[in-house]
Amino acid sequence: MSQTRLVAIEQDILAKNDSFAAVNRQLFAAKGVFVLNLMSSPGSGKTTLLTRTLTDLKGRFPVAVIEGDQQTSFDADRIRATGTPAIQVNTGKGCHLDAQMVTQAVGRLPVADESVLFIENVGNLVCPAGFDLGEAHKVVVLSVTEGEDKPLKYPAMFASADLLIVNKVDLLPHLTFDVARMIDYARRLKPSLEVIELSATGGQGLDRWYAWIEAGLAKAKGARKG
Ligand SMILES: Nc1nc2c(ncn2[C@@H]2O[C@H](COP(=O)(O)OP(=O)(O)OP(=O)(O)O)[C@@H](O)[C@H]2O)c(=O)[nH]1
Ligand SMILES: [Mg+2]
């Protein structure tokens, strides 16, 4: 296949994705839904952070979750165990969710007006960065066991995010991970990147994460009324 044809196909795929993302974003704006697209490498703690968040914030506002994995419904089962509605999307050989998958999942989920919708993307630091799902923010989770160099090795991921969550800080006493250096690398790619250091299992830093979510939801509700 010629390089020109390859580029043309890639542009077609992204244009189709963007048109579904625009539809999603319009729906979320009309309903005042605050939507976050969580991305990370496998095992950095996305589902653990979500289950802890859903348990701690239970009853404060309506929530729904879309779970993306190549196979299994393990993560959606973990979310449903908290009493939160969740849909699992299996991408098979695909390495990311796309906007059309989100459109379809939203049609099958009870997404309430003025609610929060969490989307957990397929675990890897490459493909999810390129696809707009119609979210308010992309959130990248990096755990302290993964190495400070990850932002520079996977720049598109960190450049696409608005919030970086540094997870598993409870493990720092046992590691040589340099948090400040990692944050410096990430902000070279995205100077405005916000950072929250936390432990999804230990609980340190979760208050800041919860405040960030509540502020985002308040903004989505305000925009809807306006
Ligand atoms: N020590 C420690 N372990 C954590 C923390 N958060 C998650 N874990 C552990 O990390 C492992 C992976 O967590 P998951 O939540 O499944 O990670 P994930 O990002 O959802 O993984 P994928 O869905 O496979 O991409 C589990 O064994 C968790 O218990 C944390 O803050 N501290
Ligand atoms: Mg998970």
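Conventions and cut-offs
Residues numbered from 1 in each chain as written. Chains lettered and ligands numbered in written order. Predicted model: local features only at pLDDT ≥ 70, side-chain atom pairs only at ≥ 80, totals over all residues. Heavy atoms only, no water. Donors = N, O, S within 2.8 Å, 3.2 Å for Na, K, Ca; no water. Helix = DSSP H or I, 4+ residues; strand = E, 2+ residues; numbered from the N terminus. Buried < 20%, exposed > 50% of the residue type's maximum accessible area, 1.4 Å probe, protein only. Pairing = 2+ DSSP bridges. Axes fitted to C-alpha atoms, helices over the stretch in contact; angles between N-to-C directions. Contact = heavy atoms within 4.5 Å. Near = heavy atom within 4 Å. Areas by Shrake-Rupley, 256 points an atom, 1.4 Å probe, with all protein chains shown as cover. Nonpolar A, V, L, I, M, F, W, Y, C, P; charged D, E, K, R; others polar. Disulfide = S-S within 2.5 Å. Right-handed = clockwise from strand over helix to strand, strands pointing away. pLDDT = per-residue confidence, 0-100. Salt bridge = Lys/Arg side-chain N within 4 Å of Asp/Glu carboxyl O.

## Looking at the coordination of the magnesium ion (ligand 2)
Tetrahedral metal sites with four donors have an ideal angle of 109.5 degrees; octahedral sites with six donors have ideal angles of 90 or 180 degrees.
Part 1 of the reasoning: For the magnesium ion (ligand 2), the full set of protein donor atoms is Thr 47 (OG1), Asp 75 (OD) and Glu 120 (OE), and the range of their distances to it is 2.0 to 2.2 Å.
Part 2 of the reasoning: Site description for the magnesium ion (ligand 2): donor spacing in sequence, T-x27-D-x44-E. Within this pair, whereas Thr 47 is found in helix H2 (residues 46-56), its partner Asp 75 is found in helix H3 (residues 74-80), the two being separated by 28 residues in sequence. Like Thr 47, the residue Asp 75 is buried in the burial classification.

## Some points on the sheet that holds strand S4 (residues 116-120)
Part 1 of the reasoning: Spatially, seven strands are ordered S3-S2-S4-S1-S5-S6-S7 in an open sheet, and the strand pairing comes out parallel. Of all strands in the sheet, those bounded by a partner on one side alone are strand S3 (86-90) and strand S7 (194-197). For this sheet, the mean angle separating the axes of adjacent strands, direction not counted, is 20 degrees.
Part 2 of the reasoning: Where strand S1 (residues 34-40) and strand S5 (residues 137-143) come together, five bridges link them in parallel fashion. Bridging from a neighbouring strand, Ser 40 pairs with Val 141 of S5.
Part 3 of the reasoning: Along the sheet, H2 contacts S1, strand S2 (63-69), S4, S5 and strand S6 (163-167); its crossing angle with S4, the most-contacted strand, is approximately 160 degrees.

## With respect to unusual backbone geometry
Part 1 of the reasoning: A positive phi angle, close to 75 degrees, is found at Thr 72, a residue other than glycine.
Part 2 of the reasoning: Positionally, Thr 72 belongs in the loop between S2 and H3.
Part 3 of the reasoning: A positive phi angle is found at Glu 114, which is not glycine, with a value near 50 degrees.
Part 4 of the reasoning: For Glu 114, the location among the structural elements is in the loop between helix H4 (99-108) and S4.

## Focus: the site of ligand 1
Part 1 of the reasoning: Near ligand 1 lie 20 residues; those nearest to it are Gly 43, Lys 46, Thr 47, Thr 48 and Asp 170.
Part 2 of the reasoning: Protein chains shield 73% of the accessible area of ligand 1, which is 660 Å² for the free molecule.
Part 3 of the reasoning: Only H2 and H3 provide two or more residues apiece to the shell around ligand 1.
Part 4 of the reasoning: Counting residues per element, the shell around ligand 1 draws most heavily on H2, at three residues.
Part 5 of the reasoning: For the shell around ligand 1, the per-class residue count stands at three nonpolar, 10 polar and seven charged.

## Re the state of the cysteines
Part 1 of the reasoning: According to the stated counting rule, one finds one disulfide in the structure shown.
Part 2 of the reasoning: A sulfur-sulfur distance of 2.0 Å marks the disulfide that ties Cys 95 to Cys 127. Disulfide Cys 95-Cys 127: the torsion about the S-S bond is -105 degrees, which places it as left-handed. Placement of the pair is Cys 95 in the loop between S3 and H4 and Cys 127 in the loop between S4 and S5, with a sequence separation of 32 residues.
Part 3 of the reasoning: For Cys 95, a relative accessible area of 25% puts it in the partly exposed group.
Part 4 of the reasoning: Here Cys 127 falls in the buried class, since its relative accessible area comes to 18%.

## Concerning the pairing of S3
Remember that side chains alternate between the two faces of the sheet whenever the strand is regular.
Part 1 of the reasoning: Within S3, four of the five residues are buried, which leaves the element mostly enclosed by the surrounding structure.
Part 2 of the reasoning: Examined bridge by bridge, S2 and S3 share five bridges and lie parallel to one another. Across the sheet, the residue bridging to Ile 66 is Ile 87, located in S3.
Part 3 of the reasoning: The parallel pair S2 and S3 is bridged by H3, and the resulting crossover is right-handed.

## So, the confidence of the model for the protein
Part 1 of the reasoning: Considering every residue of the protein, the mean pLDDT works out to 97; 100% of them sit at 70 or more.
Part 2 of the reasoning: Least confident of the elements in the protein is helix H1 (residues 3-31), whose mean pLDDT is 91; most confident is S6, at 99.

## A short note on the environment of Lys 93
Part 1 of the reasoning: Tracing the backbone through its elements, the reader meets Lys 93 in the loop between S3 and H4.
Part 2 of the reasoning: In this structure Lys 93 comes out as exposed when scored by relative accessible area, which is 84%.

## Concerning the pattern of salt bridges
Part 1 of the reasoning: Throughout the structure, instances matching the rule amount to 17 salt bridges.
Part 2 of the reasoning: Residue Asp 75 is joined to Arg 78 by a salt bridge in which the shortest nitrogen-to-oxygen separation is 3.4 Å. In this pair, Asp 75 and Arg 78 are both assigned in helix H3, three residues apart and thus about one turn of the helix distant.
Part 3 of the reasoning: Lys 225 is paired through a salt bridge with Glu 114; the nearest N and O atoms lie 3.0 Å apart. Residue Lys 225 is found in helix H8 (residues 206-225), and its partner Glu 114 is found in the loop between H4 and S4; the two are separated by 111 residues along the sequence.
Part 4 of the reasoning: In this structure Glu 114 comes out as buried when scored by relative accessible area, which is 19%.

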